[in-house]
Amino acid sequence: MTRAETTFWGGLDLREGMLAGLCAVLIVVSKLAFRMHLKIPGHSMFFVIFFLLVARGLIDRRFVATATALLAGLLAIALAAGKGGPLMLVKFVLPGLVIDCAVLLVGDVTRSVLLCGGVGGLAAMCRFPGVLLVDWLVGMELDVALPHVALKSLAGAAFGCAGALFVPGLVRRVRRAGVVRGGPAPPAD
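Reference entry: report on the structure contained in this document. (Residues numbered from 1 in each chain as written. Predicted model: local features only at pLDDT ≥ 70, side-chain atom pairs only at ≥ 80, totals over all residues. Heavy atoms only, no water.)

Considerations on the overall build of the chain
In terms of helices and strands, the chain carries nine helices and zero strands. A total of 189 residues make up the chain; the buried ones form 43% of that total. Partitioning the contacts of the chain with sequence separation of at least 6, the portion at a separation of at least 24 is 70%. In the structure as shown, the chain presents an accessible area of about 9,800 Å², 71% of it carried by carbon and sulfur atoms. (Helix = DSSP H or I, 4+ residues; strand = E, 2+ residues; numbered from the N terminus. Buried < 20%, exposed > 50% of the residue type's maximum accessible area, 1.4 Å probe, protein only. Contact = heavy atoms within 4.5 Å. Areas by Shrake-Rupley, 256 points an atom, 1.4 Å probe, with all protein chains shown as cover.)

Spelled out as structure tokens, the structure:
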């Protein structure tokens, strides 16, 4: 088969599409598997940001983190994996957009642990509008909702940053092993 026969969905080939799909499924499965009542807001952002950055680091295509987040959001809606219903799409897509915009501005964010952690924290923090919208739709007063949303966003940013710190090492090892083709050049040690 030629590349033209195996490309789909914005130019991704089959291997890249399967990797993006796998990352999306792993986001939702981790959200379902770790649906523990830890009483720690934002703990689910650890895996969301981790897998979005893994997809971005291993697939060298524009807006692949957003596409992976869109797939994860649609799957989460279909499986009712969280509160918010259709707003789950916004909660997933916003971090993906932040990651992809960061890649447009600074290049491969997985080349540095600090850069990856910063982008992961910022991407997790951007769920502020989605959480505020959900709180507003359920009838929460704004003076109560804002501190609640700020706490969830800051805690999510901390967990997102923590999840992002593991990505550069993983991406570097996968690239060196030659498992993915056509990805960005491996970062220097």
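After presenting the structure, the write-up continues.
Brief notes about the environment of Ala158
Tracing the chain through its elements places Ala158 in helix 8 (residues 142-164). For Ala158, a relative accessible area of 47% puts it in the partly exposed group. Counting along the chain gives 112 residues from Ala158 to Phe46, while the straight-line C-alpha distance between them is 8.4 Å.

Comments concerning the packing of helix 4 (residues 64-79) against helix 5 (residues 88-106)
Remark: helix 4 packs on helix 5, axes separated minimally by 7 Å, with the N-to-C direction vectors making an angle of 170°. Taken as axis vectors, helix 4 and helix 5 run roughly antiparallel relative to one another. Mapping the contact onto sequence places Val64, Ala65, Thr66, Ala69, Leu70, Ala72, Gly73, Leu74, Ala76 and Ile77 in helix 4 and Met88, Leu89, Phe92, Val93, Gly96, Leu97, Ile99 and Asp100 in helix 5. (Axes fitted to C-alpha atoms, helices over the stretch in contact; angles between N-to-C directions. Parallel < 35°, antiparallel > 145°, perpendicular 65-115°, else oblique.)

What about the environment of Ala81?
Looking at the element boundaries, Ala81 is found in the loop between helix 4 and helix 5. On the accessibility criterion, Ala81 (1% relative accessible area) is buried. The sequence separation of Ala81 and Val29 amounts to 52 residues, and the corresponding C-alpha distance is 8.8 Å.

Here's the deal with unusual backbone geometry
Of note, the phi angle at Phe63 is positive, near 60°, even though the residue is not glycine. Along the polypeptide, Phe63 turns up in the loop between helix 3 (45-58) and helix 4. Given the relative accessible area of 36%, Phe63 is considered partly exposed.

Description of the state of the cysteines
The full count for this structure, using the stated rule, is zero disulfides. With no disulfide of its own, Cys101 lies closest to Cys126 among cysteine sulfurs, the gap being 9.9 Å. (Disulfide = S-S within 2.5 Å.)

Focus on the packing of aromatic side chains
Per the stated rule, a full pass over the model turns up three aromatic pairs. Geometrically, the ring pair formed by Phe46 and Phe47 is edge-to-face, given 5.1 Å between the ring centres and 75° between the ring planes. Assessed through its relative accessible area of 24%, Phe47 is described here as partly exposed. (Phe/Tyr/Trp six-rings, centres within 6.5 Å; stacked < 30°, edge-to-face > 60°.)

Some thoughts on the nonpolar core
Core analysis: the biggest nonpolar cluster contains 39 residues, and Ile27, Ile49, Leu53, Leu58, Phe92, Ile99 and Val167 have the highest contact counts within it. Contributions of two or more residues to this core are made by helix 2 (14-33), helix 3, helix 4, helix 5, helix 6 (113-125) and helix 9 (167-177). At 10 residues, helix 3 tops the list of elements feeding residues into this core. In this structure Ile27 touches Phe47, Val48, Phe51, Leu52, Ala72 and Phe92, once residues within four positions along its chain are discounted. (Core = buried A, V, L, I, M, F, W, Y, C linked by side-chain atoms within 4.5 Å.)

Let's talk about the pattern of salt bridges
Here the structure, examined in full by the defined rule, presents three salt bridges. Its salt-bridge partner being Glu16, residue Arg61 comes within 3.0 Å of it at the nearest N-O pair. Taken together, the residues span a long stretch of sequence, with Arg61 in the loop between helix 3 and helix 4 and Glu16 in helix 2 at a distance of 45 residues. Taking relative accessible area as the criterion, Glu16 reaches 9% and is therefore assigned buried. As a salt-bridge pair, Asp108 and Arg175 come within 3.3 Å of each other at their nearest N and O atoms. You can see Asp108 sitting in the loop between helix 5 and helix 6 and its partner Arg175 sitting in helix 9, a full 67 residues away along the chain. The exposure classification of Asp108 matches that of Arg175, with both residues buried. (Salt bridge = Lys/Arg side-chain N within 4 Å of Asp/Glu carboxyl O.)

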